[in-house]
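A look at the structure
Here is how the chains run, residue by residue.
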Amino acid sequence: MKKLKLALRFIFSHKLKYLVMSVATVVFLIMLFPYNDVGDVVTSQVSQQTNNQVYVVFDRLKAGLTSLTVENLTVETPALPAISVQEVTVNPALGMLITQKPEGTLLAKGLFRGDVELHVKPGKRTEAGVSTHVIDLSAQRLNLNELHKVAQLPVMLKGRLNLNTTGTADPTFQEQPDFDINMKIDQFELPASTVETMMGPLNLPELRLSQVELKGRLSAGRFNIERALVGKTGDELAGTIRGGINVQIMNQGRGVQPFIGAYQFEIDLDVKKSLKDKAALFLSFLKAYETPTQDGAQYKFRLNANSLQMPPSMSALR
């Protein structure tokens, strides 16, 4: 016992030296680690673990005491076009070691030619005892044309998207997420295009809007629109949209998928004569809800259906 006390006394008397030595060892390990050789190993392991369904490649990996940065990251899957990011930095929280739950910050620069910042921390348990996470996502200046390629939308879109969303989610999706969503698109453009509908091909004219704004809440399997502004004074199209749509996000084992259900929208649009002439065929479906104005027409109507697979019903909005 006496020898143990002497050993402990010796260690504590030189604790500063041991601390400096430990920190120096960690720093040198970080500096000397062969990060340039990690890329091939990660690519191989991800490919094997996903049965060659996901291919990940990057140029360089950099590590700090509390962060990890990957440069020029590309992710490819059979279902989607390649997604590239200039730089991804992950900062895990120290509390993650204790709670064993995802917690920290992720920064993605150059994703869809914009920047994305994601904050995750443990949330409260639901009444059913399910663990949730608090998620704060901010996306700035995302290029809609790049998003269009990944989402494989039927029409091309242009513009810059800014998105802010905060809420809680159950990673297993046993319960529906709860999020506040704020979105704004600047310099929105829809080039002239043709869209296939249940009634045949529909030609859409070119449309340019100064901005599009959307504020809503996703809760209990429904997205309610609190405010939606389409265009503004001076644009060929300007108006408001209110209503909501049922959105159930389900975990199917092979992945998470949204299921769209019933929807109901109240739409109030002012259309200038220039656009009215270009979209004469499309607007002919709304003739019953048209009110002529000095420089075009106003359209006020209600649109609803039980699902996207059913033709919507329309009625006048008073």
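Every chain is numbered independently, its residues counted from 1 as its sequence is written. Local features are withheld for residues below a pLDDT of 70 in this predicted model, meaning they are given only at 70 or higher, and side-chain atom pairs are given and counted only at 80 or more; totals for whole chains, interfaces and linings count all residues. Side-chain metrics in this entry use all non-hydrogen atoms of the structure; hydrogen atoms and water are not considered.

Remarks on the overall build of the chain
Secondary structure summary: the chain contains seven helices and 18 strands in total. Accessibility here uses a 1.4 Å probe with only protein chains present; expressed as a share of the type maximum, an area under 20% marks a residue as buried, one over 50% as exposed, and anything in between as partly exposed. Scored against the burial criterion, the 318 residues of the chain give a buried share of 32%. Here the open area of atoms and residues is found with the Shrake-Rupley method and a 1.4 Å probe, where only the protein chains shown may cover a residue. Of the roughly 20400 Å² of accessible surface on the chain, 59% is carried by carbon and sulfur atoms. Runs of E in the DSSP output that reach at least two residues are strands. Runs of H or I that reach at least four are helices, and both are numbered from the N terminus.

Some remarks on the confidence of the model for the chain
Interpretation of the predicted coordinates at a detailed level should be avoided for regions scoring low in pLDDT. Looking at any residue, its pLDDT shows the predictor's confidence there, from 0 to 100. The predicted model of the chain averages 81 in pLDDT, with 81% of residues at 70 or higher. Residue contacts follow a heavy-atom distance rule, with two residues in contact if any of their heavy atoms lie within 4.5 Å. Confidence over residues 2–8 falls short of pLDDT 50; this stretch has zero contacts with residues more than four positions distant or in other chains. Predicted confidence for residues 17–34 stays below pLDDT 50, and this span has eight contacts to residues more than four positions away or in other chains.

A short note on the environment of serine 67
Along the polypeptide, serine 67 turns up in the loop between strand S2 (60–63) and strand S3 (68–76). Among the residues examined, serine 67 registers a relative accessible area of 24% and is labelled partly exposed. Sequence spacing of serine 67 and glycine 104 is 37 residues, and the spatial spacing of their C-alpha atoms is 10.0 Å. The residues touching serine 67, leaving out its near neighbours within four places in the chain, are Lys62, Thr89, Val90 and Asn91.

Looking at the pairing of strand S16 (residues 290–293)
Here, a strand pair is defined by DSSP locating no fewer than two bridges between the strands. Sheet analysis places S16 next to strand S17 (residues 296–305), joined by four bridges and oriented antiparallel. Across the sheet, residue proline 292 finds its bridge partner in S17, namely alanine 297. In this structure, the hairpin formed by S16 and S17 is closed by a connection of two residues.

Some words on unusual backbone geometry
Its identity is not glycine, yet asparagine 72 carries a phi of approximately 50°, on the positive side. Positive phi, close to 55°, is recorded for alanine 220, a residue that is not glycine.

What to know about the side chain of aspartate 170
Looking at the secondary structure, you find aspartate 170 in the loop between strand S8 (158–169) and strand S9 (178–190). Salt bridges are absent for the buried aspartate 170, whose nearest opposite-charge side chain, arginine 125, sits at 9.1 Å. Whenever a nitrogen or oxygen atom comes within 3.5 Å of another N or O atom, the pair is scored as a polar contact, on the condition that within protein one atom can donate a hydrogen and the other can accept it, and that pairs from neighbouring residues in sequence are kept only if both atoms are in side chains. At a separation of 2.7 Å, a polar atom in the side chain of aspartate 170 contacts the side chain of threonine 172. A distance of 2.6 Å separates the side chain of aspartate 170 from the backbone nitrogen of glutamine 174, its partner in a polar contact. Residues contacting aspartate 170, with those up to four places away along its chain left out, are Val130, Ser131 and Glu175. Charged residues are defined here as Lys and Arg on the positive side and Asp and Glu on the negative side; His and the ends of the chain fall outside this count. Salt bridges are counted wherever a side-chain nitrogen of Lys or Arg sits within 4 Å of a carboxyl oxygen of Asp or Glu.

Considerations on the pairing of S3
Where strand S1 (residues 55–57) and S3 come together, three bridges link them in antiparallel fashion. Paired with valine 56 across the two strands is valine 75, which belongs to S3. Where S2 meets S3, four bridges bridge the pair, whose relative direction is antiparallel. What sits directly across from lysine 62, in S3, is threonine 69. The hairpin formed by S3 and strand S4 (residues 83–92) contains six residues between the paired strands.

Regarding the side chain of glutamate 213
Tracing the sequence through the fold places glutamate 213 in strand S12 (residues 207–219). A relative accessible area of 18% means that glutamate 213 is categorised as buried. There is a polar contact of 2.9 Å between the side chain of glutamate 213 and the side chain of glutamine 211. Apart from residues lying up to four places away in sequence, glutamate 213 is in contact with Met183, Lys184, Arg227, Ala228 and Leu229.

A word on the pattern of salt bridges
Going through the model one piece at a time under the given rule, you end up with 13 salt bridges. A salt bridge links aspartate 277 to lysine 273; the nearest nitrogen and oxygen atoms lie 2.9 Å apart. One end of the pair, aspartate 277, and the other, lysine 273, are both in helix H6 (residues 273–278), four residues apart, so they sit about a helical turn from each other. You can call aspartate 277 partly exposed: its relative accessible area is 47%. The partner of lysine 276 in a salt bridge is glutamate 290, with the nearest N and O atoms 3.9 Å apart. Of this pair, lysine 276 sits in helix H6 while glutamate 290 is found in strand S16, placing the two residues 14 residues apart along the sequence. Each of Asp178, Asp180 and Arg217 takes part in one network of salt bridges that share partners.

Overview of the packing of aromatic side chains
To pair, rings of Phe, Tyr and Trp, with the six-membered ring standing in for Trp, must have centres within 6.5 Å; the planes then decide the type, stacked if under 30 degrees apart, edge-to-face if over 60, and tilted in the middle. Scanning all chains against the criterion turns up two aromatic pairs. When the centroid spacing of 5.6 Å and the interplanar angle of 25° are considered together, the rings of tyrosine 263 and phenylalanine 265 count as stacked. Exposure remark for tyrosine 263: the relative accessible area of 10% places this residue in the buried category. Note on tyrosine 289 and phenylalanine 301: the rings are 6.0 Å apart at their centroids and 35° apart in plane angle, and the pair reads as tilted. With tyrosine 289 in the loop between helix H7 (280–283) and S16 and phenylalanine 301 in strand S17, the pair connects residues that are twelve residues apart, well separated along the chain.

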